[in-house]
Amino acid sequence: MDERLTITSDQIVVLAAAAGIEVQPHNQSGCAETLNSLRNGVCAKIKRFAPHVAPAVRMDPRWRTGS
Amino acid sequence: MSEMSPLHYLDIATAAERIRSGKLSSVALTEAILDRITAIDPIIRSYVTVTGKDAIQAAENADKRIRSGDYLGPLDGIPLAIKDLYDTAGIRTTSCSKVRENYVPTEDATSVAKLRAAGAVILGKVATHEFAFGFDAPPARNPWNTDHTPSGSSGGSGAALAAGLCLGATGSDTGGSIRAPAAANGISGIKPTYGRVSKHGVAVLSWTLDHAGPMARSARDLAILLQAMAGSDPLDPTTLDENVPDYVSALAGDIKGITIGVPRNYFFDMIEPSIETAVRGAIDELGKASSGITEVDIPGLEYLLESFFSIVTAEAATFHFEAFRETPHLYNDDVRQLLEQGNLTLATTYINAQRSRSVVIDGFRQAFQNIDVLVTPGLPVTAPRVGQTAYDWKTSDEPVFRAHARYNCPFNLAGLPAATVPCGFASDCLPVGLQIIGKPFQEVTVLRVADAFQRLTDWHNVHPRI
């Protein structure tokens, strides 16, 4: 894992303030842990993607979405 | 369906035939269900609002209409329950949240309007997890064992069907919220293809993952309900203008020309052994009735849950943007924590998660090249106990949310039609579901296979002792 990409509990408080919300104290470490885990998982998944792989934003599932 | 079945466990197809032929009135049926709600629902707690007076009025209208020769079809006079996420004109629609405690819509959701237009009688609103954001539906309990939840988020619908408190219901499914309670309560549910059923008037959890669909006690009943609900809607830009076939007529019972795919990877990982035994048995039954079983590998499923959770939390946080800033204290703590997390999801994480869907869809396209349907377990676990937060796999614990999403959310990410039907019981005597997945807009094939399975087995006619 690239540690530059790790969000800490302290940073959660700052990010939340910037987003205009409060993350409850009992959720700050869990929130940081989950965000890091999700981002690392998504990063691992897209690592081998060709740059042209687009988001499936149209969400038309008729075997022709996205790529 | 036996001639001796009590009114509250009639399936829609049987009740409709009796109503059409004048052997049963909608009023008698509706009164029987309302009486059972009064007697049983204080234990099951599936309904959050019962509209008995309006239901009797609608049933009287149906009887009058049918007597005058103006029969609307198989939903005419049939009592249904509506998930409290769906707008119902003049009826409180809370999404089981204090945030919408006093919300009374002035119009029906498109699906509700279509069901009413088909003659359905609305009994009331059934429980959901708050804004459908979880695999539970407090305060509803599982009719097979009231120490357990009915799963969710359409758990009120699932529990009401299993307990004989309605003949059909609506559900919504973002990562398994129709199919998980179908498995957990031993009933049938279908998440149609993305774009097949309008979501207009259904509270949003995730615009790109949400699906609306029916729940019932048989595949045939799902076909009847889906017939009324399906179709494009100018009020919902995500619906697609695809032809809606005659689902009921397609249920011929014969699946000899259909090839059943069984996944080699992912869908039998971390599964309770007695559930795997029940599902493998069901697959054997289908193999004998069809063109046979083909094992398939499905590429692109790694890290899929991370993509799912990133999308659903970020989109939910966006839908709740204003309310969450104004009244965060009104949300229950579990949903509040998920919304806090969703508000802080990086844009790049969200977009990369959406990119990964293209690869998931492509993986299923490859897997479906030589098969007509894919079959998997509905859930790797049975319904959790009330208050249980994780499953113990001996080597690790797995949160309930993850365990219930794992086999279901791939088909929300890909938008494919998927039904779950009962196929037995696990070692803890709770129901087990079989999931049947089809190609895009092939609900008809999914329902044909589900119906054929229910002609070969009787699991859908086994009811809890209440």
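Residues numbered from 1 in each chain as written. Chains lettered and ligands numbered in written order. Predicted model: local features only at pLDDT ≥ 70, side-chain atom pairs only at ≥ 80, totals over all residues. Heavy atoms only, no water.

A. Layout of the overall build of chain A. Secondary structure summary: chain A contains 2 helices and 0 strands in total. Counting every position in chain A, which comprises 67 residues, the buried fraction comes to 37%. With the model as given, the accessible surface of chain A reaches about 4000 Å², and the carbon-plus-sulfur share is 55%. (Helix = DSSP H or I, 4+ residues; strand = E, 2+ residues; numbered from the N terminus. Buried < 20%, exposed > 50% of the residue type's maximum accessible area, 1.4 Å probe, protein only. Areas by Shrake-Rupley, 256 points an atom, 1.4 Å probe, with all protein chains shown as cover.)

B. Structural detail: the overall build of chain B. What chain B contains, in helices and strands, is 15 helices and 13 strands. Computed over the C-alpha atoms, the radius of gyration of chain B is 20 Å, within 12% of the 23 Å expected from 2.2 N^0.38 for a compact globule of 466 residues. Across its three principal directions, the C-alpha atoms of chain B cover 60 × 60 × 45 Å. Total accessible area computed for chain B in this model is approximately 15700 Å², and 51% of it derives from carbon and sulfur atoms. Charge-centre separation for chain B: the mean point of 40 positive side chains lies 2 Å from the mean point of 52 negative side chains. (Rg over C-alpha atoms; globule rule 2.2 N^0.38 Å. Lys, Arg positive; Asp, Glu negative; His and termini not counted. Charge placed at Lys NZ, Arg CZ, Asp CG, Glu CD.)

C. Quick look at the packing of aromatic side chains. All names here are of chain B. Per the counting criterion, the structure on display carries 13 aromatic pairs over all chains. A centroid spacing of 6.4 Å and a plane angle of 70 degrees characterise the contact between phenylalanine 133 and phenylalanine 401, whose relative ring orientation is edge-to-face. Of this pair, phenylalanine 133 sits in the loop between β3 (121-126) and α5 (155-162) while phenylalanine 401 sits in helix α13 (residues 400-405), and the two are 268 residues apart along the sequence. Accessibility expressed as a relative area gives 2% for phenylalanine 133, which makes it buried. Taken together, a centroid distance of 5.3 Å and an interplanar angle of 80 degrees make the contact between phenylalanine 135 and phenylalanine 401 edge-to-face. With a gap of 266 residues between them, phenylalanine 135 in the loop between β3 and α5 and phenylalanine 401 in helix α13 connect regions that are remote in the sequence. (Phe/Tyr/Trp six-rings, centres within 6.5 Å; stacked < 30°, edge-to-face > 60°.)

D. View of the pattern of salt bridges. Residue and element names in this part refer to chain B. Under the defined criterion, the tally for this structure stands at 14 salt bridges over all chains. Linking arginine 455 and aspartate 451 is a salt bridge whose minimum nitrogen-to-oxygen distance equals 2.8 Å. One end of the pair, arginine 455, and the other, aspartate 451, are both in helix α15 (residues 443-456), 4 residues apart, so they sit about a helical turn from each other. (Salt bridge = Lys/Arg side-chain N within 4 Å of Asp/Glu carboxyl O.)

E. Quick look at the interface of chain A and chain B. Counting residues at the interface gives 39 residues for chain A and 47 residues for chain B. Buried area between chain A and chain B, both sides added, is near 3600 Å², and the carbon and sulfur share of it is 65%. On inspection of chain A and its partner chain B, the count reaches 0 salt bridges. One can count 11 residue pairs in polar contact (both at pLDDT 80 or more) joining chain A with chain B. When residues of the side of chain A that touches chain B are traced back to their parent elements, those giving at least two are α1 (9-19) and α2 (28-46) of chain A. It is α2 of chain A that provides the largest number of residues to the side of chain A that touches chain B, a total of 11 residues. Of the residues in the side of chain A that touches chain B, the class split is 22 nonpolar, 10 polar and 7 charged. (Contact = heavy atoms within 4.5 Å. Buried area = accessible area lost by both parts, 1.4 Å probe. Polar contact = N/O pair within 3.5 Å; in protein donor to acceptor, adjacent residues only side chain to side chain. Nonpolar A, V, L, I, M, F, W, Y, C, P; charged D, E, K, R; others polar.)

F. Summary view of the pairing of strand β6 (residues 211-216) of chain B. Residues and elements named next belong to chain B. Within β6, 6 of the 6 residues are buried, which leaves the element mostly enclosed by the surrounding structure. Relative to β6, strand β4 (residues 168-173) runs antiparallel, the two being bridged by 6 bridges. Paired with alanine 169 across the two strands is methionine 215, which belongs to β6. (Pairing = 2+ DSSP bridges.)

G. Highlighting the layout of surface pockets. Its boundaries defined by the atoms lining it, the largest pocket holds a volume of some 1000 Å³. Around the largest pocket sit 30 residues that line it, and Leu338, Thr389, Pro399, Val400 and Phe401 of chain B are the ones nearest its centre. Elements with a minimum of two residues in the lining of the largest pocket: α2 of chain A together with α9 (304-319), α11 (333-343) and α13 of chain B. Here the lining of the largest pocket is composed, by residue class, of 11 nonpolar, 13 polar and 6 charged. (1 Å grid on protein atoms, 1.4 Å probe; cavity = no way out; pocket = protein on both sides within 12 Å on 5 of 7 lines; lining within 4 Å. Points joined across faces, edges and corners; volume = space filled by probe spheres on them.)

H. Structural view of helix α3 (residues 52-67) of chain B. Residue and element names in this part refer to chain B. When the terminal C-alpha atoms of α3 are compared, their 22 Å separation across 16 residues agrees well with the 22 Å that a helix rising 1.5 Å per residue should span. For α3, the complete set of buried residues consists of Gly52, Ala55, Ile56, Ala59, Ala62, Asp63 and Ile66. The buried residues of α3 occupy an angular sector of 120 degrees when the element is viewed end-on, so they sit on one face. Facing away from the buried side of α3 by more than 90 degrees, the exposed set consists of Lys53 and Lys64. One or two steps after α3, the chain reaches glycine 69, where phi turns positive at roughly 90 degrees. (Expected span 1.5 Å × (residues − 1). Arc of directions from axis to C-beta.)

I. View of the pairing of strand β9 (residues 373-377) of chain B. Residue and element names in this part refer to chain B. With 5 of 5 residues buried, β9 lies mostly within the body of the structure. Across 2 bridges, the pairing between strand β7 (residues 259-263) and β9 is parallel. Residue pairing for β9: isoleucine 260 is matched across the bridge by valine 373. Relative to strand β13 (residues 431-438), β9 runs antiparallel, the two sharing 5 bridges. Paired with valine 375 across the two strands is isoleucine 436, which belongs to β13.

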